[in-house]
Structure formats: structure tokens, C-alpha cells
Amino acid sequence: MAILAGSTVLYFTPALPIVPAASLIAAAGIGGLLPDLDHKTSTVSNKLQFSTNTRKKLKGLSVLSLGMGILWFVLQQPMPWLWAAAGLIFALASRLRMLLLSGLGLLLLAGYELYSLHWLTLLAGVALLVMPFVKHRGIIHSPEFAGALSLGVVSFTSTQPVLFQALGFGLMTGWWSHLVGDAVTVEGIRSVLLPRLKVALNLLRNGGAAERWIARSCWLCSIALWLMTFY
Ligand SMILES: [Zn+2]
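Residues numbered from 1 in each chain as written. Predicted model: local features only at pLDDT ≥ 70, side-chain atom pairs only at ≥ 80, totals over all residues. Heavy atoms only, no water.

1. Regarding a nonpolar patch on the surface
Then step 1. Residues Ile 18, Val 19, Leu 163, Phe 164, Leu 167, Ile 223, Leu 227, Phe 230 and Tyr 231 make up a contiguous nonpolar surface patch of about 910 Å² in total accessible area.
Then step 2. Residue assignment for the nonpolar patch shows that the elements contributing at least two residues are α2 (18–31), α9 (162–183) and α10 (209–230).
Then step 3. One can find Phe 230 in helix α10.
Then step 4. Take Phe 230: its relative accessible area is 41%, and that puts it in the partly exposed class. (Patch = residues over 30% accessible without salt bridge, like charges linked within 9 Å, V, L, I, M, F, W, Y side chains within 5 Å. Areas by Shrake-Rupley, 256 points an atom, 1.4 Å probe, with all protein chains shown as cover. Salt bridge = Lys/Arg side-chain N within 4 Å of Asp/Glu carboxyl O. Helix = DSSP H or I, 4+ residues; strand = E, 2+ residues; numbered from the N terminus. Buried < 20%, exposed > 50% of the residue type's maximum accessible area, 1.4 Å probe, protein only.)

2. Overview of the pattern of salt bridges
Then step 1. Across all of its chains, the model carries 1 salt bridge by this definition.
Then step 2. Note that Asp 182 and Arg 137 form a salt bridge whose closest N and O atoms lie 3.1 Å from each other. Of this pair, Asp 182 sits in helix α9 while Arg 137 sits in the loop between α7 (119–130) and α8 (143–157), and the two are 45 residues apart along the sequence.
Then step 3. For Asp 182, a relative accessible area of 7% puts it in the buried group.

3. With respect to the coordination of the zinc ion
Then step 1. Protein-derived coordination of the zinc ion comes from Asp 36 (OD), His 141 (NE2), His 178 (NE2) and Asp 182 (OD), at a distance range of 2.1 to 2.3 Å.
Then step 2. Here the zinc ion is ringed by 4 donor atoms whose angles at the metal span 84 to 172°, and the overall shape comes out irregular.
Then step 3. Between the donor residues of the zinc ion, the gaps in sequence give the motif D-x104-H-x36-H-x3-D. Pair noted here: His 141 is in the loop between α7 and α8 and Asp 182 is in helix α9, with a separation of 41 residues, a long-range link. (Donors = N, O, S within 2.8 Å, 3.2 Å for Na, K, Ca; no water. Tetrahedral: all angles 85-135°; square planar, octahedral: opposite > 155°, others 65-115°.)

4. Some thoughts on the packing of aromatic side chains
Then step 1. If you walk through the whole model with that rule in mind, you get 3 aromatic pairs.
Then step 2. When the ring of Trp 72 is compared with that of Trp 83, the centres are 5.6 Å apart and the planes differ by 70°; the resulting orientation is edge-to-face. Of this pair, Trp 72 sits in helix α4 (residues 52–74) while Trp 83 sits in helix α5 (residues 80–94), and the two are 11 residues apart along the sequence.
Then step 3. Note on Trp 72: relative accessible area 26%, which makes it partly exposed.
Then step 4. A relative accessible area of 28% means that Trp 83 is categorised as partly exposed. (Phe/Tyr/Trp six-rings, centres within 6.5 Å; stacked < 30°, edge-to-face > 60°.)

5. Some thoughts on α8
Then step 1. The terminal C-alpha atoms of α8, which comprises 15 residues, lie 21 Å apart, in line with the 21 Å expected from a rise of 1.5 Å per residue.
Then step 2. Listing the buried residues of α8 in full gives Phe 145, Ala 146, Leu 149, Ser 150, Gly 152, Val 153 and Thr 157. Summarising the axial view, the buried residues of α8 lie within an arc of 165°, below the 170-degree limit, and thus occupy one face.
Then step 3. Looking at the buried side of α8, the elements it contacts are α7 and α9. (Expected span 1.5 Å × (residues − 1). Arc of directions from axis to C-beta. Contact = heavy atoms within 4.5 Å.)

6. Some remarks on the side chain of Gln 49
Then step 1. The residue Gln 49 is located in the loop between α3 (43–46) and α4 in this model.
Then step 2. The class for Gln 49 is buried, based on a relative accessible area of 14%.
Then step 3. From its side chain, Gln 49 meets the backbone oxygen of Lys 40 in a polar contact 2.7 Å long.
Then step 4. Setting aside chain neighbours within four positions, we find Gln 49 in contact with Lys 40, Thr 41, Arg 55, Leu 96 and Arg 97. (Polar contact = N/O pair within 3.5 Å; in protein donor to acceptor, adjacent residues only side chain to side chain.)

7. Description of the environment of Lys 56
Then step 1. Along the polypeptide, Lys 56 turns up in helix α4.
Then step 2. Take Lys 56: its relative accessible area is 61%, and that puts it in the exposed class.
Then step 3. Considering only alpha carbons, one finds Lys 56 and Ala 200, 144 residues apart in sequence, at a separation of 34 Å.

8. Points about the side chain of Thr 185
Then step 1. Relative to the elements of secondary structure, Thr 185 occurs in the loop between α9 and β1 (189–190).
Then step 2. With relative accessibility at 2%, the residue Thr 185 sits in the buried group.
Then step 3. A polar atom in the side chain of Thr 185 sits 3.1 Å from the side chain of Arg 137.
Then step 4. Here Thr 185 is in contact with Arg 137, Ala 200, Leu 201, Asn 202, Leu 204 and Asn 206, once residues within four sequence places are set aside.

See the structure below:
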């Protein structure tokens, strides 16, 4: 859906050179995945962490190492802290997604503070920092956040070269199309300021056969649009 939305935008954008055009489509695809960073095991989150099985093993190893550390300490064996350090590394590795998201968030906040970057850096930094701790389809999936993000992206890219504008526009097209896609499911999406304001059209269930057919049709329509755009 995100690719199709990006392709539609491209079709109506007059004569964009090939590199910004391709970047717009790619950014739309990425933007279509990003909102689900707030889900522990979404497609995009799974790119940032080990498999469920490995995470379980890492947690086990972490507890085991800490236990060994305590044992070493009690038995007055040399360097019990080595076990504790190993335990900490295993624990962090099992929470790699949290580490990466919050770490990148802190980096953006530092950049905003130290180099007085655009306020989009502040917004993205805070969002990434809280991402591992917020509810799925909560604030990150709210139209308010999408609106603020869109404002930030437009305000930031408006002074940048056309490639950046294409990237920003693609990203936001993908993001909004994701929200539209979620709004037609049972769970829907809701406003964060007015939680009663909820859109759940209940037209589609996640992971059904209908979803696969929609995905295929979206690809077909996208390819048709590319042909119409470039020929
Ligand atoms: Zn979603």
C-alpha cells in the first residue's frame, strides 16, 4: 500500500528526475514499515533484534552468568565481576531493539542540543527514545504524531535539495498509508488526545488471504503507474 501511495504521488509530481523518483518510492516503502517500530515483533522490529529463540537463550545465559558471578563472589574466587560483565552483555544483547532505538534516540537528542539541529531531530529523538516503552498502536500510530512528524519533515526538507524533499515526502506518504491500512482493520487506530476518537473500519483482518491479494494488487497497480509515469 505504501509503495502504491508513493507511486501515485510520483505520478502526479511533474517530471521528477529518476534518482529522486526512485528515492521517493523507496522512502515510501520504508515509511510504510516504520510506524510498527512500536511493535515488539513487527517486520521492522525483527530487523533490530535476534530471533525469539536466541533472545530466550541470551536471557538464560545472562541469568546463569550473574548466578556464577554471585557464586564466585561467595566462594571468594578471583574476578567475579567478569561473570557479572558477561551477564550484562548477554542481557543487553537480548534487548538489542531497545538498545538500538533508545541509543539512536539519545544520539538525535544530543545532536539537537549540541548542534542546535532542526526541531524534527528533537521530535524523532524523543519518539525513538520512548518507542520500546509505549503501547503498540498507541501514540506512534496516532494521527497527531503523524501530523507533527509531517510538519517537521516538510519544514526541514523545504530548505533542502530536491532529493531530500523527495525522500521526506515519500517517507510521510508511506507513514500515512500505513495508518490508513491499520484503520481498516479490527484494532484500528485512535487519537491520542481524544482516545474516544477511533477509526476501526473492521473491513480486514491482519494476516488473512484478503491481505495477500491486496498486496499483490498494490504491486501490480504500482508497476502500471511507473510505466505511465516514465513512458
Ligand atoms: Zn501499524
